[in-house]
Amino acid sequence: MNDEQLPNRIIMCIDMKSFFASVSSVIRRLDPLKVRLAVVGDTKRTGSVVLAATPLLKKEGINTGSRLFEIPKRKDIYIVNPSMERYVKASNYVSSLMLQYVAPEDFHAYSIDEFFIDATASLHLFAQTPEALAHRIIHEIYQKTRLTATIGIGPNLLMAKVSLDHEAKHNSAGVAYWHYKDIPHKLWSIYPMRDFWGISSATERRLNGLGIHSLKELALSSKELLQKEFGILGNELHQHANGIDYSRISDVYIPDSRSFGKSQILLRDYTSRKEIGLLLLELLDDICFRLRMHQVVAQTVHLSIGYSKQTGKGFSRQRKMVRASNLSQDIFPYCLTILHTYDNGMPIRSIGISLSNTTIQEEEQMSLFEDMDRREKAYALAKTIDEIRLRYGKNSLLRASSALDYSTARYRNGLIGGHKS
């Protein structure tokens, strides 16, 4: 395919360097580039995970995923709890700065610290070249927040993201611009393949099984072979290896049915399924609370289980319930059924539940085979519990089982966005 037929827009992927650690530094009037600071899940837990570290601390081998006990006990190293409320405010402010340069439909927040903008229509208003605009954005963000950004530029979303990850983050300018002509000597030089956006270790192993060991081999391989092995994903892998991505920021996807979910990375490996059952029930209580706040019920339950790092696997399965509900006691048996059906007994390190196929609660159909008085009492009890938690906080009323030492409900209720507020 000729380059003229491919998307050729001015896409920028903006990443906030060491975002959590940088914000935590700035609010303490410290320079993120000159201080050694680590943000950990909980400073009181020696096994707590490092969520972020400043560049100087990373150079000493302390990175995201390290443990608190691995950090040297020195006076020049700051160890702090996360401040999710401040992180969210900082992210929103950075978003507002970027929205000065593009229309809302040309802006997408990929995560709390990474953003995409399509500057094709507005570049001429602010700069003569994409690189000049990127430097202008980086300068403004730093002047107004003291946070450092890096920017990858490309003709499509994929190329912008890859140029960010593999060049902009590693050069002194903090900017990289990849074109289609750069694919053979830049994109194809990414190795191993799992370092390329969108290719996991499992996908890499399957590609190796087909005799494909590099992105160049993937780009030049048979599309039919890839589609036979991976289905629709095979065609996407082939396109991405050739630097092709037809997606647009302005193409907003609106799902037919809203889903509600929650997941948790556990602080240790859990081998007891009785303990896992309690953790799932606690997650489900939170999700059902949100369903009731939105006055909807869900009919499909999706359970995800991730095993310990030693196995690196897990499963994700769903079941459609006989009737829609927003009560934990209705949905929990389906969670257990999925768990007992697909679980292989390995130590579990992460869990997740998602409820979908939602409808307005008033539209819920009643069953002739149910004790409706009992069901109405269950809803009334749930409503009373919700009102108490809304007034006095989530920890004001918990299940008795949440007092057990392996429960995580009380700890999670003190978090914002998965971290301490």
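So, here's what we can say about the structure. (Residues numbered from 1 in each chain as written. Predicted model: local features only at pLDDT ≥ 70, side-chain atom pairs only at ≥ 80, totals over all residues. Heavy atoms only, no water.)

### Points about the overall build of the protein chain
Part 1 of the argument: Across its full length, the protein chain holds 14 helices and 14 strands.
Part 2 of the argument: The proportion of buried residues among the 421 residues of the protein chain is 46%.
Part 3 of the argument: Taking the intrachain contacts of the protein chain between residues at least 6 apart in sequence as the baseline, contacts between residues at least 24 apart amount to 64%. (Helix = DSSP H or I, 4+ residues; strand = E, 2+ residues; numbered from the N terminus. Buried < 20%, exposed > 50% of the residue type's maximum accessible area, 1.4 Å probe, protein only. Contact = heavy atoms within 4.5 Å.)

### Side note on the sheet that holds strand E12 (residues 348-360)
Part 1 of the argument: Across the sheet, four strands lie side by side as E9-E12-E10-E11; this open sheet has antiparallel pairing. Each edge of the sheet is formed by a strand with only one pairing partner; in this case those strands are strand E9 (260-270) and strand E11 (314-325). With direction set aside, neighbouring strand axes in the sheet form an average angle of 15 degrees.
Part 2 of the argument: In this structure, E9 lies alongside E12, joined through seven bridges in antiparallel fashion. Counterpart to Ile-265 in the pairing with E12 is Ser-350.
Part 3 of the argument: Across the sheet, helix H11 (residues 273-293) is in contact with E9, strand E10 (296-307), E11 and E12; its angle to E9 comes to roughly 155 degrees.
Part 4 of the argument: Against the sheet, helix H12 (residues 328-342) touches E10, E11 and E12, its axis set at about 150 degrees to E11. (Pairing = 2+ DSSP bridges. Axes fitted to C-alpha atoms, helices over the stretch in contact; angles between N-to-C directions.)

### Re empty space enclosed by the protein
The rolling of a water-molecule-sized probe over the atoms marks out the regions of remaining empty space.
Part 1 of the argument: As enumerated under the stated definition, the model contains one cavity of 30 Å³ or more in all.
Part 2 of the argument: For the largest cavity, the full set of lining residues is Pro-7, Arg-9, Ile-11, Asp-118, Pro-155, Asn-156, Leu-157, Asp-245, Ser-247 and Arg-248.
Part 3 of the argument: Of the residues in the lining of the largest cavity, the class split is four nonpolar, two polar and four charged. (1 Å grid on protein atoms, 1.4 Å probe; cavity = no way out; pocket = protein on both sides within 12 Å on 5 of 7 lines; lining within 4 Å. Points joined across faces, edges and corners; volume = space filled by probe spheres on them. Nonpolar A, V, L, I, M, F, W, Y, C, P; charged D, E, K, R; others polar.)

### Comments concerning the pattern of salt bridges
Part 1 of the argument: Within the structure shown, the criterion is met by 17 salt bridges.
Part 2 of the argument: The partner of Arg-74 in a salt bridge is Glu-60, with the nearest N and O atoms 2.9 Å apart. You can see Arg-74 sitting in the loop between helix H2 (55-58) and strand E4 (77-80) and its partner Glu-60 sitting in the loop between H2 and E4, a full 14 residues away along the chain.
Part 3 of the argument: Glu-60 gets classed as partly exposed once you look at its relative accessible area, which sits at 34%. (Salt bridge = Lys/Arg side-chain N within 4 Å of Asp/Glu carboxyl O.)

### As for the environment of Asp-165
Part 1 of the argument: Topologically, Asp-165 is positioned in helix H6 (residues 157-166).
Part 2 of the argument: Along the chain, Asp-165 and Phe-196 lie 31 residues apart, while their C-alpha atoms are 9.1 Å from each other.
Part 3 of the argument: A polar side-chain atom of Asp-165 sits 3.3 Å from a polar atom in the side chain of Lys-169. (Polar contact = N/O pair within 3.5 Å; in protein donor to acceptor, adjacent residues only side chain to side chain.)

### Thoughts on the pairing of E10
Part 1 of the argument: Among the twelve residues of E10, ten are classified as buried, and the element is accordingly described as predominantly covered.
Part 2 of the argument: Taken together, the eleven bridges between E10 and E12 define a ladder with antiparallel strand orientation. Residue pairing for E12: Leu-303 is matched across the bridge by Ile-353.
Part 3 of the argument: Across eight bridges, the pairing between E10 and E11 is antiparallel. The residue bridging Val-301 from the neighbouring strand is Arg-319, located in E11.

### Remarks on the sheet that holds strand E2 (residues 36-40)
Within a sheet, adjacent strands bond to each other through the backbone by hydrogen bonds, running parallel or antiparallel.
Part 1 of the argument: As summarised here, the arrangement of the three strands in space is E3-E2-E4, forming an open sheet in which the pairing is mixed. Looking at strand neighbours, the two that pair on one side only are strand E3 (50-53) and E4, the edges of this open sheet. Across this sheet, the average inter-strand angle for adjacent strands is 20 degrees, counted without regard to direction.
Part 2 of the argument: Across four bridges, the pairing between E2 and E4 is parallel. Paired with Leu-37 across the strands is Tyr-78, a residue of E4.
Part 3 of the argument: Those strands touched by helix H1 (residues 19-26) are E2, E3 and E4, and its axis lies near 115 degrees from that of E2.

### Some words on unusual backbone geometry
Part 1 of the argument: The residue after Tyr-191, namely Pro-192, is reached through a cis peptide bond having omega 0 degrees.
Part 2 of the argument: Take Pro-192: it is sitting in the loop between strand E8 (175-177) and helix H7 (201-209).

### Digging into the nonpolar core
Part 1 of the argument: Counting residues in each nonpolar core, the largest one holds 38 residues, and the members touching the most others are Met-12, Met-16 and Ile-137.
Part 2 of the argument: Where this core is concerned, the elements lending two or more residues are strand E1 (11-16), H1, E2, helix H3 (84-98), strand E6 (114-118), helix H5 (130-145), strand E7 (149-154) and E8.
Part 3 of the argument: At six residues, the largest contribution of residues to this core is made by H3.
Part 4 of the argument: Residues Leu-157, Ala-168, Ile-183 and Leu-207 belong to the second largest nonpolar core, which totals 32 residues. (Core = buried A, V, L, I, M, F, W, Y, C linked by side-chain atoms within 4.5 Å.)

### Re the packing of aromatic side chains
Each aromatic ring pair is described using two quantities: the centre-to-centre distance and the angle formed by the ring planes.
Part 1 of the argument: Using the criterion set out here, one finds seven aromatic pairs in the structure.
Part 2 of the argument: Between Phe-19 and Tyr-87, the aromatic rings sit 6.4 Å apart at their centres with planes inclined by 55 degrees, giving tilted as the arrangement. Taken as a pair, Phe-19 in helix H1 and Tyr-87 in helix H3 lie far apart in primary sequence, 68 residues in all. Tyr-87 shares its class with Phe-19; the two are buried.
Part 3 of the argument: When the ring of Phe-20 is compared with that of Tyr-87, the centres are 4.5 Å apart and the planes differ by 5 degrees; the resulting orientation is stacked. (Phe/Tyr/Trp six-rings, centres within 6.5 Å; stacked < 30°, edge-to-face > 60°.)

### A closer look at the side chain of Ser-25
Part 1 of the argument: Following the sequence through the fold, Ser-25 ends up in helix H1.
Part 2 of the argument: Taking relative accessible area as the criterion, Ser-25 reaches 0% and is therefore assigned buried.
Part 3 of the argument: Of the polar contacts made by the side chain of Ser-25, one reaches the backbone oxygen of Ala-21; its length is 2.8 Å.
Part 4 of the argument: With near-sequence residues (within four places) excluded, Ser-25 lies in contact with Leu-30, Pro-32, Val-35, Leu-37 and Thr-54.

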